[in-house]
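# Geometric and topological summary
Now for the letters of each chain:
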Amino acid sequence: MIEEPHRWLQAINNRREYIEDQLKEGSPAISIGCEDGILMLSLGLDHQKIFEIYDRIGFSAIGHPADIEKLRSLAIDISHYEGFQRSAEDVSLRRLVNFSISTALKNAFEQVYGSPFIVKLLFAELGRTPEHDQMCSINYDGSFNRHADSLDHNTHRFTTVGGTKLSETKMRTYFEREIKRTDLPLNDAIQRSALCWQLGFSTPAHPDKFERDSLPSQAELKKLLRESLKNRRVEAALLNRNSSSASCFQRLDEKAVQRAIKNLE
């Protein structure tokens, strides 16, 4: 009996190490506030990575495709049930994360005789004004971080999920140091997000270099990004604040996004 808590803690640590090993080469996902709303961007090989959950809520993730799909479906079902039982205005990212998605992840992670979710999730919710936009990253163990949960006009509205904690730290550092505006035009937001993606994707492959140097040069990131675009498709969507329909989710044309990235100066 005395050994049971120790065994449980050891099992939890083993699960954590296993999941983090599975996620370390994942393709990062990024959301950033821009002039028109919230941009969501990632690069992938074949699986779709960015989805609409509800009228004003977008979703992306890294991890096992089956686990991502299961949690995406759960988020859609909960949002539509909430909208049907109450109203569309009552469907909020805060309720979705606090009372449903994070709980499901935490329960699966702590039930050591079952399978955990091998995922990291990213949600973005478009507010009526930029100051009310919400973005949230959720870890595989149910812990979550809200970003841009502030009414400060000078707060950069962004969040990311990456394969490792170091890659996420580097991407956040990039945004804080390199992006000086909170109202970036859409094309600028696409370009900055693509460079940030490359930084996050490259970090696990070169941990010594990227930990030693604070940030790689823009020229180096651009060179790496050009190589990535040769065998990966770029995917982007906009939660458009100027949308005339109930749904603000607008998937962006891939060729137009590629052109914006290739026009990097």
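For the structure, see preceding data.
Throughout, a residue's number is its position along its own chain's written sequence, starting from 1. Whole-chain, interface and lining totals are the exception, using all residues; otherwise, since this is a predicted model, local features are given only for residues with pLDDT of at least 70 and side-chain atom pairs are given and counted only at 80 or more. Just so you know, side-chain values use all the structure's heavy atoms and leave hydrogens and water out.

### Focus: the overall build of the chain
- For the purposes of this entry, the term helix denotes a DSSP run of H or I that reaches at least four residues, the term strand denotes a run of E that reaches at least two, and both are numbered from the N terminus. Each helix and strand counted, the chain has eight helices and 10 strands in total.
- The atom set for the radius of gyration is the C-alpha atoms, and the globule formula is 2.2 Å times the number of residues raised to the power 0.38. Relative to the globule expectation of 18 Å for 265 residues, the C-alpha radius of gyration of the chain, 18 Å, shows essentially globular dimensions.
- By its C-alpha atoms, the chain is 65 × 50 × 35 Å across when sized along the principal axes.
- Using a 1.4 Å probe on the protein chains alone, a residue whose accessible area is under 20% of its type maximum counts as buried, one over 50% counts as exposed, and one in between counts as partly exposed. Expressed as a percentage of its 265 residues, the buried residues of the chain come to 48%.
- Residues count as neighbours in contact if any of their non-hydrogen atoms are within 4.5 Å of one another. In the chain, the share of contacts with a sequence separation of at least 24, taken over all contacts with a separation of at least 6, comes to 69%.
- Averaging the locations of the 36 positively and 38 negatively charged side chains of the chain gives two centres separated by 3 Å. In this tally, Lys and Arg are treated as positive and Asp and Glu as negative; His is ignored, and so are the chain termini. Charge coordinates come from a single atom per side chain, which is NZ of Lys, CZ of Arg, CG of Asp or CD of Glu.

### A few points about the sheet that holds strand β3 (residues 50-54)
- When DSSP finds at least two bridges between two strands, those strands are taken to pair. Ordered by their spatial adjacency, five strands build an open sheet running β3-β4-β5-β6-β7, and the pairing between neighbours is antiparallel. With partners counted over all chains shown, the strands left at the sheet margins are β3 and β7 (144-147), one partner each. Averaged over all pairs of adjacent strands, the angle between their axes in this sheet comes to 20 degrees, without regard to strand direction.
- As defined by bridge partners, β3 adjoins strand β4 (residues 57-63) across four bridges and the pair is classed as antiparallel. For helices, the fitted axis covers only the stretch in contact; all axes are lines through C-alpha atoms, and the angles between them, taken along N-to-C directions, range from 0 to 180 degrees.

### Thoughts on the nonpolar core
- If you look at the biggest cluster of nonpolar residues, it comprises 31 residues, and the most contacted ones within it are L39 and I190.
- Elements with a contribution of two residues or more to this core: β1 (29-34), β2 (37-44), α4 (165-178), α5 (186-202), α7 (218-231), β9 (233-240) and α8 (254-262).
- With eight residues, α5 is the single largest residue contributor to this core.
- Dropping the residues within four chain positions of it, I190 is found in contact with L39, L41, L252, V257, A260 and I261.
- To define a nonpolar core, start from buried Ala, Val, Leu, Ile, Met, Phe, Trp, Tyr and Cys residues and group those joined through side-chain atoms within 4.5 Å. Within the second largest apolar cluster, 22 residues are counted, among which are A61, L93, I101 and L121.

### So, the sheet that holds β1
- An order of β8-β1-β2-β9-β10 is seen for the five strands of this open sheet, with the pairing classed as antiparallel. Each end of this open sheet is capped by a strand with a single partner; those strands are β8 (158-161) and β10 (249-251). On average, each strand axis in the sheet is tilted by 20 degrees relative to the strand beside it, whichever way the strands run.
- Sheet topology places β1 next to β2; six bridges connect them, and they run antiparallel. Looking at β2, one finds that C34 is bridged to G37.
- Along the sheet face, α5 touches β1, β2 and β9 and points at about 40 degrees away from the line of β2.
- Sheet strands in contact with α8 are β2 and β9, and its direction is about 100 degrees off that of β9.

### A closer look at the side chain of R157
- Looking at the secondary structure, you find R157 in the loop between β7 and β8.
- Each polar contact in these results corresponds to two N or O atoms within 3.5 Å; when the atoms are within protein, one needs to be able to donate a hydrogen and the other to accept it, and residues that are neighboring in sequence are counted only if both atoms are side-chain atoms. Polar contacts involving the side chain of R157 include one to the main-chain carbonyl oxygen of C34, which spans 3.5 Å.
- Reaching out from R157, the side chain makes a polar contact with the side chain of D133 at a distance of 2.3 Å.

### Focus on the state of the cysteines
- The disulfide criterion is simple: two cysteine sulfur atoms within 2.5 Å. Evaluated as defined, the whole model comprises zero disulfides.
- Unpaired in terms of disulfides, C136 finds its nearest cysteine sulfur in C196, a separation of 17 Å.
- Residue C136 is classed as buried on the basis of its relative accessible area, which comes to 1%.
- No disulfide involves C196; its nearest neighbouring cysteine sulfur is the one of C34, lying 15 Å away.

### Section: the pattern of salt bridges
- Any Lys or Arg side-chain nitrogen located within 4 Å of an Asp or Glu carboxyl oxygen qualifies as a salt bridge. This model, assessed by the stated rule, comprises 15 salt bridges.
- With a shortest N-O distance of 3.3 Å, R86 and E82 are connected by a salt bridge.
- A salt bridge links E89 to R128; the shortest N-O distance between them is 3.0 Å. With E89 in the loop between α2 (65-85) and α3 (93-110) and R128 in the loop between β5 (119-125) and β6 (134-138), this pair connects stretches of sequence that are 39 residues apart. Judged on exposure class, the residue E89 and its partner R128 are both exposed.
- Three or more residues joined by partner-sharing salt bridges are found here, namely R233, E235, R251 and E254.

### Describing the side chain of S193
- In this structure, S193 sits in helix α5.
- Judged by its relative accessible area of 1%, S193 falls in the buried class.
- When neighbours within four sequence positions are excluded, S193 is seen to be in contact with I30, I32, L39, L41 and F175.

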